[in-house]
Amino acid sequence: VRWRLVEDRRTAMGIVHAPDELHRRAAAYLDVAKRRMGPNTFQQQLEREGTTEGAKLAQVEKSPFLSQLLTLDKIVRYSEILEDRLEIDRAYFAEEADAKKFLEAAKAKGFDEASQEQLPERKPTKGRLPRESFSKSRPPLEPVLDAWILEELLRLAPEGMTDVETSRSNLYYVIRLRGFRKGRDVVYSQVKDEVVESILREPPTPQDYSRWMEREMARCRVEYADSGARREKKGGSP
């Protein structure tokens, strides 16, 4: 079913991959792997496989896996262009009192200055998350951005801040809405170059793929049928 969803969307969008796109996506894939593993571990893995980075790049570039990955990349990234998108700064606290103290400072001095004074580094009990950008239908999951907090954000003007918000993750948030971008009514062919460049600049994450697939699966109605059994029944077999 998942394969069918991707294939139907690929056909509808008219997705094809130019050789240069595959080459650059393979390089981006290996770059992500190198950063996750660390340069030394990555090099050791190449040596265990008896290959070089250049040979590995050529192997990945020509693999069916990469073509399928780039297809899903384009589908997911294009869907983000169609949707409303938010950019936020999120401060988190284990104690409500700390969150309230931060909110008062942020109202008086601004979110950034309050963060520098009260959140110099991230800790389990409080900190500031890296800036987050996400589609309205796919808010962050780690740490979770609850639906009721998203509703509050959608009521804000850019640069506005929420009050202290309680999350089901047992944290208290104060969030600044940096910006809101309305979804665009465009066909894929109009934005395909933009889509590719955004993928190469920052490839979608496994969480992005999962959220898109979960949403599409929720829209489907899957029916199972045994055509052979139907024919037997029509023929009057007991």
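Our subject is the structure that appears above.
Residues numbered from 1 in each chain as written. Predicted model: local features only at pLDDT ≥ 70, side-chain atom pairs only at ≥ 80, totals over all residues. Heavy atoms only, no water.

A. Seen up close, the packing of helix H2 (residues 19–37) against helix H4 (residues 53–61). It is at 9 Å that the axes of H2 and H4 come closest, and there the two elements cross at 125°. Between H2 and H4, the angle falls in the class oblique. Handedness of the crossing formed by H2 with H4: right-handed. In this structure, H2 uses Pro19, Leu22, His23, Ala26, Ala27, Tyr29, Leu30 and Lys34 to contact H4, whose residues at the interface are Glu53, Lys56, Leu57, Val60 and Glu61. (Axes fitted to C-alpha atoms, helices over the stretch in contact; angles between N-to-C directions. Helix = DSSP H or I, 4+ residues; strand = E, 2+ residues; numbered from the N terminus. Parallel < 35°, antiparallel > 145°, perpendicular 65-115°, else oblique. Left-handed = near helix turned anticlockwise from the far one by under 90°. Contact = heavy atoms within 4.5 Å.)

B. Highlighting the nonpolar core. Counting 28 residues, the largest nonpolar core has Tyr78, Val195 and Trp212 as its most contacted members. Secondary-structure elements contributing two or more residues to this core are helix H1 (2–13), H2, helix H3 (39–49), H4, helix H5 (64–82), helix H9 (188–201) and helix H10 (206–219). Per-element tally for this core: the top contributor is H5, with eight residues. Excluding residues within four positions of it along the chain, Tyr78 makes contact with Met13, Val186, Val187, Tyr188, Val191 and Val195. (Core = buried A, V, L, I, M, F, W, Y, C linked by side-chain atoms within 4.5 Å. Buried < 20%, exposed > 50% of the residue type's maximum accessible area, 1.4 Å probe, protein only.)

C. The packing of H2 against H9, seen in detail. Running from N to C, H2 and H9 cross one another at 25°; their axes reach a closest spacing of 9 Å. Relative to H9, H2 is oriented roughly parallel. Counting all contacts with H2, which are made through Glu21, Arg24, Arg25 and Ala28, the residues of H9 involved are Val196, Glu197, Ile199 and Leu200. Within the contact of H2 with H9, the residues separate by chemical class into four nonpolar, no polar and four charged. (Nonpolar A, V, L, I, M, F, W, Y, C, P; charged D, E, K, R; others polar.)

D. Geometry of helix H8 (residues 147–154). Among all positions in H8, only Ile149, Leu150 and Leu153 are buried. Each buried residue of H8 sits inside an arc of 100° when the element is viewed along its axis, so together they form one side. For H8, the secondary structure elements touched by its buried residues are strand E1 (85–93), strand E3 (132–135), strand E4 (165–166) and strand E5 (172–181). (Arc of directions from axis to C-beta.)

E. Summary view of the side chain of Glu83. Note on placement: Glu83 falls in the loop between H5 and E1. In this view, Glu83 contacts Ser135, Ser137, Arg138, Arg181, Lys182, Gly183 and Arg215; residues no more than four positions away in its chain are not counted.

F. Structural context of the packing of aromatic side chains. Inspection of the entire model under this criterion finds four aromatic pairs. Ring centres of Phe93 and Phe102 lie 5.4 Å apart, and the angle between their planes is 45°; this geometry places the pair in the tilted category. No difference in accessibility class separates Phe93 from Phe102, as the two residues are buried. Relative to Phe111, the ring of Phe102 lies with its centre 5.3 Å away and its plane at 85°, an arrangement referred to as edge-to-face. Each member of the pair, Phe102 together with Phe111, is buried. Cluster of aromatic residues (ring-pair linked, three or more members): Phe93, Phe102 and Phe111. For the cation-ring pair, Arg90 lies above Tyr173, with the distance from its terminal atom to the ring centre recorded as 4.8 Å. (Phe/Tyr/Trp six-rings, centres within 6.5 Å; stacked < 30°, edge-to-face > 60°. Lys NZ or Arg CZ within 6 Å of the ring centre and 35° of its normal.)

G. Main features of the side chain of Arg176. Note that Arg176 resides in strand E5. Reaching out from Arg176, the side chain makes a polar contact with the side chain of Asp89 at a distance of 2.7 Å. Those residues in contact with Arg176 that sit more than four places away from it in its chain are Glu87, Ile88, Asp89, Phe111, Asp112, Arg128, Arg131, Glu159, Gly160 and Met161. (Polar contact = N/O pair within 3.5 Å; in protein donor to acceptor, adjacent residues only side chain to side chain.)

H. Broad picture of unusual backbone geometry. With an omega of -10°, the peptide bond between Glu142 and Pro143 qualifies as cis. Looking at the secondary structure, you find Pro143 in the loop between E3 and H8.

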